[in-house]
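Below are the chains, spelled out letter by letter.
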Amino acid sequence: MNCRNCSLPSTLPSARIDKSGLCIYCREFKGKEDLDRKRKEYESRFQQLLDACKATHNQSPYDILAAYSGGKDSTFTLDLLKNRYSLRVLAITFDHGFVSPYAFENIRRVVEKLGIDHITFKPDFKTLQKIFRFSIENEFHPPKALERASSICNSCMGLVKFITLKIAIEKEIPFIAYGWSPGQAPLQSAILKNHLSFIKKSQNLFLQPLEQGVGSEVRTYFLDEHHLNQSKNANFPYNINPLAFLQYNEEKIYQRIQELGWEPPKDTDPNSTNCLLNSFANQVHIRKHHFHPYSLEMAELVREGVLGREDVLCRLLEPGNPQIIQDVKVKLGL
Ligand SMILES: [Zn+2]
């Protein structure tokens, strides 16, 4: 059974669909107007933070470090940072070994067109392989996180989060940008100041099981005492999620990024525009949890009127490309 309004399946533990057929998220949804008002508040808060940062004459050559997957949302975010906010952007791509070759082409064209410095970080694939295999066999992420993304995705995003934070601290970059859609990240997480206690807690939660299951080599990708001690609380960067507080319109996003030379990849599933691992990660998740890991994100976009309910139900039923899934399994040694 699915929520009659937003399409959320009853198999998602927090959905709690009532007798009238509505999920808890739809029952608690205060409407688009309320959301837009709150978004405006976040938007002006971000502007205030930028102004305050300018006033202190930031010594770093960059204002913002943008996590750039090459997908449609992070491409659009990059454009906003550069052209709407006129920021000095450093883009970073995390290569987990399964980035679509089309995405790499897009990345090259877009950063060249935007005139942005760009780095790629690619961890040793043997370690990544162990991390992904461990994530399939042991679901150590919090249940709430597993409602939003598959175990593999959570591990990958966790690595991105800490590697990006580490580089931002090392380069003294005051802001980190992510291109999560409003469905992927709730509005409350649109602007987030990193605090020592918060970083330590979230790093331990992720690093401890990973280190036990995979080995001490994973420590390379996390903050060490040096990062934690060197940076006083005041100097930890902010995480910014511009798409959570700016207007999100898929059609306009596609239109704009195509002007930047971005082309739709021919090899990814309908829920990703950069990652070849995604279909397999979804398949594993659905078998274990009986709901699609994109359900919550898509349902939020339906509630906000970005996508249609039927369109989402179709998208979530579409199976991944069997050949790509097979290639992924081989590459992971499964
Ligand atoms: Zn609903």
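About the cut-offs
Residues numbered from 1 in each chain as written. Predicted model: local features only at pLDDT ≥ 70, side-chain atom pairs only at ≥ 80, totals over all residues. Heavy atoms only, no water. Donors = N, O, S within 2.8 Å, 3.2 Å for Na, K, Ca; no water. Tetrahedral: all angles 85-135°; square planar, octahedral: opposite > 155°, others 65-115°. Buried < 20%, exposed > 50% of the residue type's maximum accessible area, 1.4 Å probe, protein only. Core = buried A, V, L, I, M, F, W, Y, C linked by side-chain atoms within 4.5 Å. Helix = DSSP H or I, 4+ residues; strand = E, 2+ residues; numbered from the N terminus. Contact = heavy atoms within 4.5 Å. Pairing = 2+ DSSP bridges. Axes fitted to C-alpha atoms, helices over the stretch in contact; angles between N-to-C directions. Phe/Tyr/Trp six-rings, centres within 6.5 Å; stacked < 30°, edge-to-face > 60°. Lys NZ or Arg CZ within 6 Å of the ring centre and 35° of its normal. Arc of directions from axis to C-beta. Parallel < 35°, antiparallel > 145°, perpendicular 65-115°, else oblique. Nonpolar A, V, L, I, M, F, W, Y, C, P; charged D, E, K, R; others polar. Salt bridge = Lys/Arg side-chain N within 4 Å of Asp/Glu carboxyl O.

1. Quick look at the coordination of the zinc ion
Six octahedral donors around a metal ideally sit at 90 or 180 degrees from one another, while four tetrahedral donors ideally sit at 109.5 degrees.
Then step 1. Those donors, Cys-3 (SG), Cys-6 (SG), Cys-23 (SG) and Cys-26 (SG), are the protein atoms that reach the zinc ion, and they lie 2.2 to 2.3 Å from it.
Then step 2. With four donor atoms in place around the zinc ion and angles of 105 to 118° between them, the coordination shape is tetrahedral.
Then step 3. Linear spacing of the donor residues for the zinc ion on their chain is C-x2-C-x16-C-x2-C. Cys-6 shares its class with Cys-3; the two are buried.

2. Quick look at the nonpolar core
Then step 1. Counting residues in each nonpolar core, the largest one holds 57 residues, and the members touching the most others are Leu-8, Phe-46, Leu-78, Phe-175 and Phe-245.
Then step 2. If one sorts the elements of this core by residue count, helix α2 (residues 32–55) sits on top with six residues.
Then step 3. With near-sequence residues (within four places) excluded, Phe-175 lies in contact with Phe-46, Leu-49, Leu-50, Cys-53, Asp-63, Ile-64, Leu-65, Pro-237, Tyr-238 and Ile-240.
Then step 4. One finds Phe-94, Ile-176, Leu-210 and Phe-280 within the second-largest nonpolar core, a separate group that totals 48 residues.

3. A few points about the sheet that holds strand β3 (residues 117–121)
Then step 1. Pairing in this open sheet of six strands is mixed, and the strands run β3-β2-β1-β4-β6-β5 from one edge to the other. The open sheet has two edge strands with one neighbour each: β3 and β5 (191–193). Each adjacent strand pair in this sheet contributes to an overall mean axis angle of 25°, direction not counted.

4. Quick look at the packing of aromatic side chains
Then step 1. If you walk through the whole model with that rule in mind, you get 14 aromatic pairs.
Then step 2. The structure contains a cluster of three or more aromatic residues connected by ring pairs, namely Phe-46, Tyr-85, Phe-175, Tyr-238 and Phe-245.
Then step 3. The ring of Tyr-238 has Lys-193 lying over it, and the distance from NZ or CZ to the ring centre is 5.0 Å.
Then step 4. If you follow Lys-331 out to its NZ or CZ, it ends over the ring of Phe-125, 4.8 Å from the centre.

5. Looking at the side chain of Ser-279
Then step 1. Its place among the elements puts Ser-279 in helix α12 (residues 278–289).
Then step 2. Here Ser-279 falls in the buried class, since its relative accessible area comes to 9%.
Then step 3. Those residues within four positions of Ser-279 in sequence are excluded, and the remaining contacts are Asp-269, Gly-320, Asn-321 and Ile-325.

6. Observations regarding the pairing of β3
Then step 1. Note: strand β2 (residues 89–94) against β3, five bridges, orientation parallel. Each residue of the ladder has a partner; that of Leu-90, found in β3, is Asp-117.

7. Observations concerning helix α11 (residues 250–259)
Then step 1. Of all the positions in α11, only Glu-250, Ile-253 and Ile-257 are classed as buried. Each buried residue of α11 lies within a common arc of 55° when the element is viewed along its axis, so the set occupies one face. Turned more than 90 degrees off the buried face of α11, the exposed positions are Glu-251, Lys-252 and Gln-255.
Then step 2. Close packing links the buried residues of α11 with α3 (72–84) and α14 (309–317).

8. Comments concerning the packing of α3 against helix α4 (residues 101–114)
Then step 1. Following both chains from N to C, one finds α3 and α4 inclined at 10°, their axes separated by 11 Å at the closest point. By the criterion of interaxial angle, the relationship of α3 to α4 is roughly parallel. Between α3 and α4, the contacting residues are Thr-75, Leu-78, Asp-79, Lys-82 and Asn-83 on the first element and Val-110, Val-111 and Leu-114 on the second.
Then step 2. Looking at the contact of α3 with α4 residue by residue, the class counts come to four nonpolar, two polar and two charged.

9. As for the pattern of salt bridges
Then step 1. Counted according to the given criterion, the structure contains 25 salt bridges.
Then step 2. Here Glu-211 ties to Arg-219 by a salt bridge, and the two come within 3.0 Å at their closest N and O atoms.
Then step 3. A relative accessible area of 23% means that Glu-211 is categorised as partly exposed.
Then step 4. Its relative accessible area of 44% is what places Arg-219 among the partly exposed residues.
Then step 5. The structure contains a network of salt bridges with shared partners spanning Lys-72, Asp-73, Glu-250, Asp-311 and Arg-315.

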